[in-house]
Amino acid sequence: RLTAIRQGLIGEITEVQVSALPASPAVALIRACLRVAAGTPAVIRAHAFPVGSRPGADPTATLASVDFGEGRCGIYDCARPHSRVRSGRLLIRGGRGEIDGNQVVRLIPFAHTGTGTESPLASRPATPHLITTTYLRRHTDPDQITLGGEVLWRNPWPGERWNDAELASAETLTRLTGWLRGDGPGPYPLAEALYDARLGLAIAEAPDREHAVDVV
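A short tour of the structure in this document, coming up. Computed from a prediction, not measured in an experiment: that's the story for all the values here. (Residues numbered from 1 in each chain as written. Predicted model: local features only at pLDDT ≥ 70, side-chain atom pairs only at ≥ 80, totals over all residues. Heavy atoms only, no water.)

1. As for the environment of Pro158
Here Pro158 lies in the loop between β10 (150–154) and α4 (164–180). Given the relative accessible area of 53%, Pro158 is considered exposed. In the structure, Pro158 is positioned 15 residues away from Asp143 in sequence and 6.2 Å away in space, judged by C-alpha atoms. (Helix = DSSP H or I, 4+ residues; strand = E, 2+ residues; numbered from the N terminus. Buried < 20%, exposed > 50% of the residue type's maximum accessible area, 1.4 Å probe, protein only.)

Below you can see the structure in the form of structure tokens.
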């Protein structure tokens, strides 16, 4: 998705909606898609409302907007407690299209006008003989991810049968090793982590305020 954004496939990103994540990582994901730097002033508005009852749990949901200015906004939707019947969502909207889950809808040039096209982000498993519906949903070991025939991502460890979480862990450790050797930036600098934590705390605080919370 970030590669598609960097290539400008859906235009300048203006809105990102995230659900089913804790506040700090949700904000980190929103910032990555909007390409907002750590320390950017933000205005947060949030509302908490009941979503039902469950013994021993907080039966509320939080809906928050994080306005980074210059037409860039994140929408955070978090119901607590996390429910097995609630699915996560990532919606990225740009000036020429949007990415909704694994579907990419965008305008492409056609006869001096524009026409809409819809394509999936397709993952090709490295071990096709293991394909089942449950396996693809929970244990994908992708070889590459494509969009309309264009390869957006290739597995850096094609010989390993690792799932998504294992690939992410390996990528993080590789970047961390490079940073320790002075070969590049860390995978998640402390300044960014602190900034996202600050925004997360502001989201938790905002429903109790009668006005917006400014983070500067």
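On we go.
2. A closer look at the pattern of salt bridges
Within this structure, the stated rule accounts for nine salt bridges. Its salt-bridge partner being Glu192, residue Arg31 comes within 3.2 Å of it at the nearest N-O pair. Taken together, the residues Arg31 in helix α2 (residues 23–34) and Glu192 in helix α5 (residues 190–205) connect sequence positions 161 residues apart. Here Glu192 falls in the partly exposed class, since its relative accessible area comes to 29%. Arg93 is the partner of Glu98 in a salt bridge, and the nearest nitrogen-oxygen pair spans 3.1 Å. Ionic contacts of the salt-bridge type, sharing partners, join the residues Glu15, Arg93 and Glu98 into one network. (Salt bridge = Lys/Arg side-chain N within 4 Å of Asp/Glu carboxyl O.)

3. A word on the nonpolar core
Of all hydrophobic cores here, the largest spans 36 residues; its most connected members are Val16, Ile44, Phe68, Ile92, Leu199 and Ile203. Examining the composition of this core, we find that six residues originate from one element, α2, more than from any other. Excluding residues within four positions of it along the chain, Ile203 makes contact with Ala23, Val27, Ile44, Ala46, Thr62, Ala64, Val66 and Tyr76. (Core = buried A, V, L, I, M, F, W, Y, C linked by side-chain atoms within 4.5 Å. Contact = heavy atoms within 4.5 Å.)

4. Comments concerning α2
In a regular helix each residue adds 1.5 Å, so twelve residues correspond to 16 Å; α2 covers 16 Å between its end C-alpha atoms and thus fits that length. Taken residue by residue, α2 has Ala23, Ala26, Val27, Ala28, Ile30, Arg31, Cys33 and Leu34 as its buried positions. At the C-terminal side of α2, Arg35 shows a positive phi close to 60°. (Expected span 1.5 Å × (residues − 1).)

5. A word on unusual backbone geometry
Among all residues except glycine, the phi angle is most often negative; among peptide bonds, the trans geometry is most common. Positive phi outside glycine occurs at Arg35, with the angle close to 60°. Looking at the secondary structure, you find Arg35 in the loop between α2 and β2 (42–50). Taking the relative accessible area as the measure of exposure, Arg35 reaches 45% and is therefore partly exposed.

6. Overview of the packing of α2 against α5
Remark: α2 packs on α5, axes separated minimally by 8 Å, with the N-to-C direction vectors making an angle of 115°. The element α2 and its partner α5 pack so that their crossing is right-handed. For the pair α2 and α5, the contacting residues are Ala23, Ser24, Val27, Ala28 and Arg31 in the first and Glu192, Tyr195, Asp196, Ala197, Leu199, Gly200 and Ile203 in the second. Of the residues in the contact of α2 with α5, the class split is seven nonpolar, two polar and three charged. (Axes fitted to C-alpha atoms, helices over the stretch in contact; angles between N-to-C directions. Left-handed = near helix turned anticlockwise from the far one by under 90°. Nonpolar A, V, L, I, M, F, W, Y, C, P; charged D, E, K, R; others polar.)

7. Concerning a nonpolar patch on the surface
There is a patch of nonpolar side chains on the surface, built from Leu173, Leu176, Trp179 and Leu180 and spanning about 430 Å² of accessible area. With relative accessibility at 32%, the residue Leu176 sits in the partly exposed group. (Patch = residues over 30% accessible without salt bridge, like charges linked within 9 Å, V, L, I, M, F, W, Y side chains within 5 Å. Areas by Shrake-Rupley, 256 points an atom, 1.4 Å probe, with all protein chains shown as cover.)

8. Overview of the pairing of β2
Judged from the three bridges that link them, β2 and strand β11 (residues 213–215) form a sheet pairing that is antiparallel. Bridged to Ala42 within β11 is Val215. Pairing of β2 with strand β3 (residues 60–69) involves eight bridges; the strand directions are antiparallel. From the neighbouring strand, Pro50 faces β3, where its bridge partner is Thr60. (Pairing = 2+ DSSP bridges.)

By themselves these figures say nothing about function.
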